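Each chain, letter by letter, is given below.
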Amino acid sequence: MKIHRIAPLLICITFGQALGLESPGSGGDDERIRPREWLVIGGIGKYRRAPLHTDAIEAQLVAGTWKPPEQGDTVAAPDGQASLWQQATAEDDGWIRDETLRAGYAYTAVESDRRRKMLLEASGHSLVYVNGQPRGGDPYGTGWLRHPIELKEGVNHLLFLCRRGHVRAELVTPQRPVLFNARDTTLPDLIRRSEAHSWGAIPVVNTTDAAIDGLTLESRVAGGAATQTRLPKIPPMSTRKMGFRIAGSPPTDVDEVNIDLRLLRSHPNSTKPAEFDTTSLKLRVREPTQKHKRTFVSDIDGSVQYFAVTPMHTQGDETIQPALVLTLHGAGVEAMGQANAYDHKNWAHIVAPTNRRPYGFDWEDWGRWDALEVLAIAEQQLGTDPRRTYLTGHSMGGHGTWHLGSLFPDRFAAIAPSAGWTSFRSYVIAADSPDTSPIGRMLRRAASPSDTLSRSRNFAASGIYILHGDKDDNVPVTEARTMRSHLAEFHTDFAYYEQPNAGHWWGDQCVDWPPLFDFLRHHSIPADREVLHLQFATSSPAVSATHHWATIAAQIKPLEVSSVDLLLDPTGCRISGTTQNVSRLSIDLGQACPQPNSEPDDTVASAESDALFVQLDGCGVENVPGRLATSPLWLQKTGDSWRITPKPALSQKGPHRYGPLKEAFNRRFVLVYGTQGTPQENEWAFAKARLDAETFWYRANGSVDILADHEFDTAAETDRSVILYGHANSNSAWNTLLADSPVQVSRDLVTIGEHELTGGGLACLFVRPRPGSDIALVGVVTGTGIRSMRLTNTLPYFVSGVAYPDCIVLGEDVLTKGSSGVMVAGFFGNDWSATHGEFVWQSSPAKHE
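What counts, and where the lines are drawn
Residues numbered from 1 in each chain as written. Predicted model: local features only at pLDDT ≥ 70, side-chain atom pairs only at ≥ 80, totals over all residues. Heavy atoms only, no water. 1 Å grid on protein atoms, 1.4 Å probe; cavity = no way out; pocket = protein on both sides within 12 Å on 5 of 7 lines; lining within 4 Å. Points joined across faces, edges and corners; volume = space filled by probe spheres on them. Helix = DSSP H or I, 4+ residues; strand = E, 2+ residues; numbered from the N terminus. Nonpolar A, V, L, I, M, F, W, Y, C, P; charged D, E, K, R; others polar. Core = buried A, V, L, I, M, F, W, Y, C linked by side-chain atoms within 4.5 Å. Buried < 20%, exposed > 50% of the residue type's maximum accessible area, 1.4 Å probe, protein only. Contact = heavy atoms within 4.5 Å. Expected span 1.5 Å × (residues − 1). Disulfide = S-S within 2.5 Å. Pairing = 2+ DSSP bridges. Axes fitted to C-alpha atoms, helices over the stretch in contact; angles between N-to-C directions.

Some remarks on empty space enclosed by the protein
Here comes step 1: Overall, the coordinates contain three cavities of 30 Å³ or more when judged by the stated rule.
Here comes step 2: A volume near 170 Å³ is recorded for the largest cavity.
Here comes step 3: Around the largest cavity sit 17 residues that line it, and Asp-365, Ala-446, Pro-449, Lys-662 and Ala-803 are the ones nearest its centre.
Here comes step 4: It is helix H4 (residues 366-382) that provides the largest number of residues to the lining of the largest cavity, a total of three residues.
Here comes step 5: When the residues that make up the lining of the largest cavity are grouped by side-chain class, the tally is 10 nonpolar, two polar and five charged.
Here comes step 6: Within this model, the second largest cavity holds a volume of roughly 80 Å³.
Here comes step 7: Lining the second largest cavity, in full, are Pro-235, Ser-238, Thr-239, Arg-240, Lys-241, Ala-693, Trp-697, Gly-702, Ser-703, Val-704 and Ile-706.

Topic: the nonpolar core
Here comes step 1: Core analysis: the biggest nonpolar cluster contains 79 residues, and Leu-671, Tyr-725, Ile-752, Phe-766, Tyr-797 and Leu-810 have the highest contact counts within it.
Here comes step 2: A per-element tally of this core places helix H12 (residues 679-700) first, with seven residues.
Here comes step 3: Not counting the four nearest positions on each side in its chain, Tyr-725 is found in contact with Leu-671, Val-672, Tyr-673, Gly-674, Trp-684, Ala-685, Lys-688, Ala-689, Asp-692, Asn-731, Val-781 and Tyr-797.
Here comes step 4: With 35 residues, the next largest nonpolar core counts Val-309, Leu-407, Phe-408 and Phe-490 among its residues.

Re the environment of Gly-104
Here comes step 1: Relative to the helices and strands, Gly-104 resides in strand S10 (residues 104-112).
Here comes step 2: You can call Gly-104 buried: its relative accessible area is 0%.
Here comes step 3: A C-alpha to C-alpha distance of 9.7 Å links Gly-104 and Tyr-47, two positions 57 residues apart in sequence.
Here comes step 4: Discounting chain neighbours no more than four positions away, the residues touching Gly-104 are Ile-41, Gly-42, Phe-160, Leu-161 and Cys-162.

Quick look at H4
Here comes step 1: If you check H4, its first and last C-alpha atoms are 24 Å apart, about what 17 residues at 1.5 Å a residue would give, namely 24 Å.
Here comes step 2: Buried residues dominate H4, accounting for 12 of its 17 residues.
Here comes step 3: Turning to H4, its buried residues number three or more, namely Trp-366, Gly-367, Arg-368, Trp-369, Asp-370, Ala-371, Leu-372, Glu-373, Val-374, Leu-375, Ala-378 and Leu-382.
Here comes step 4: Looking one or two residues past H4, Gly-383 carries a phi angle of roughly 60 degrees, positive in sign.

Description of the state of the cysteines
Here comes step 1: Evaluation of the coordinates by the stated rule reveals one disulfide.
Here comes step 2: What pairs with Cys-573 in a disulfide is Cys-593, and their sulfur atoms sit 1.7 Å apart. Around the S-S axis, the bridge from Cys-573 to Cys-593 shows a dihedral of about 100 degrees and counts as right-handed. Placement of the pair is Cys-573 in the loop between strand S36 (562-569) and strand S37 (574-580) and Cys-593 in the loop between helix H10 (589-592) and helix H11 (607-610), with a sequence separation of 20 residues.
Here comes step 3: For Cys-573, a relative accessible area of 0% translates into the label buried.
Here comes step 4: According to the relative accessible area criterion, Cys-593 is buried, its value standing at 3%.
Here comes step 5: For the unlinked cysteine Cys-764, the closest cysteine sulfur is that of Cys-807, found at 4.4 Å.

A look at the sheet that holds strand S50 (residues 777-783)
Two orientations exist for strands paired in a sheet by backbone hydrogen bonds: parallel and antiparallel.
Here comes step 1: Strand order in the open sheet made by the eight strands is S44-S43-S45-S50-S49-S51-S52-S53, with mixed pairing throughout. Each edge of the open sheet carries a strand with a single partner, namely strand S44 (705-708) and strand S53 (838-841). If you compare each strand with its neighbour and ignore which way they point, the axes differ by 15 degrees on average.
Here comes step 2: Packed on one face of the sheet, H12 meets strand S43 (670-673), S44, strand S45 (722-725) and S50 and runs near 165 degrees to S43.

Structure, rendered in structure tokens:
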């Protein structure tokens, strides 16, 4: 069957603005094209929540051998089975529904009589290739995406990667060259009788071939004064969610007001700015005592996020600081919906962060960062008592409760998961056999912060209330029963309740459960000096390092579980105990052993009161200074013994900067694509940076700067992390950012320390400290040629529970062979060197002279 036979229709569109920045509204038919005839195929690979997957069609795309299919064409899957391309017809609502699309592709062709710009509105897919260029997907079917694409003259090929059994697509004529997308806004509520000084966000779409700079977004609340926000540059054929300021006082007699937005651009030959687009949105107006939304600008990426508050209703002594209950929503639930499930309390504010999106990151990775960011902001804004902070959540939020509770046991006085699953291993991928090869084990280590049970002893520091319905058909009650049995082995302060005949959601009471809140209320976080037996485990100091007065600052084996079990005798300030996989430890003497109170006329503490004794792993630590010495006390393990060491240089790995790769997508990171390579390499670098920005917008409600290498000032804003796309020959920022890196990638060559790999089919991800900064990282997405660059397009580093180590090199056959196609993976040493690191090679590499 020839491709042109399944082309759904011939598009004849008048579009007068796509190739320039003419005045909006100067022409263009409002035409919607909904393809009906498709080809679909399944069974061509294996996808799961893992860093590697197999995919026979992607292997063709990477190699450059993929051709548009015809009905009946066969594709050999990596397991040797053959799959057929079959015809499918969209239903009346535009959706293709087919079980093969649970792990497959859908293809359609669109013929155009000219080159033109369109908006692609698609849902249900994980990714789409538009004439070979990858664009972000909408797997949850939100309908947010309106990707600007270019149709060439002739046949255009749309290939959708699908994993949820359905897909739909429409092509729409844009009416303006730059326009708002009001389908995905982030807005606060206004508070009655208060002047608003807040933020909102709305996507702005650039449908032109040029980057758009000099835009201003003007907002006007309820017809009041205008507030203007200068917007950052938008790359060509891209979308960016833009934050804007909101100011003004709402009327006191309404529950809702309009906020009018104008998208403006100054012109050097005119005093009046050009108006690209306008829209009007609604803002709720709430009483201070009502449940409401608050927005803030995130330090993760500079985007605008929100959280919801169920304010405390005061009854009693208003001089007592209120408590704070942080509540985490389930999959598909908005933070505002989570807050709405609770009645007001007379002793605590209830705060609901977003996880960055209703599905977000399962409260891991950027979802975890969001929860901690919101907690810090809410504590400051609401003036809560830090010793009376609690954590709860439902379903996915119940998992988040286990996850955050195990990572930060001294942040929460008590935790209360409802219908929560413990970990991905127990709930999502329990049936999968783990990859036990050396490479597979190294990749699992990179994701070790997801393993809740590996840190289960941390739960001993907090009270725990477990709530679950005994007929839950979504999260099996065995998840709760397993944790009950596990906690019973060592925990002395937990409660457990199963609601008879209750399913997954049995009304608001399954989160707003009175016995649960009563349990929380009667707990508080002990002062550091009151913690005499400190047990703490972490998989990564970058994720969690400190518990009360002890900090695990570095590991012997990166991202394996590290732990301390320490006893404190405060009378003589004696600290003793054991460690596991800890290379560097610090003890906050000011908290663990505060100096005894002195009489007013005392000027010098006695020698006895100044004494400090430390014994670790059965050996006394020599030359320990008295507790009058500057805190904290730093200890370094060498062989089997511990010694006092000066505070380590910030150039060393530590909680401030550790890796692995995901950690680089923080600190207002900027994406820098190469422009100095071949035309294919340059096209890939921009397309991949745009794809990552689109994916982060969709999954994380994010907003990321994208810059060409020649636009990027390596000496400016050095505490921002950087994601670099391209290799040493194609990205001019490489030599400044990575000159001292032990990993070097150029065309046809990867060098790691003294070892080298050659060939054009090697993809590489790695992370390094950013020069000139003590905290920022450089993440690198690269390959030795265009084929291996394409291999990085679908690597799922924005998926929770999936991670890559400090460095990984993949061969092209990873798409057909899985982990046996990985050439090397590993971690740098605590000094960021390859020499002191730990790497696993698929086979013995060559050494370079």
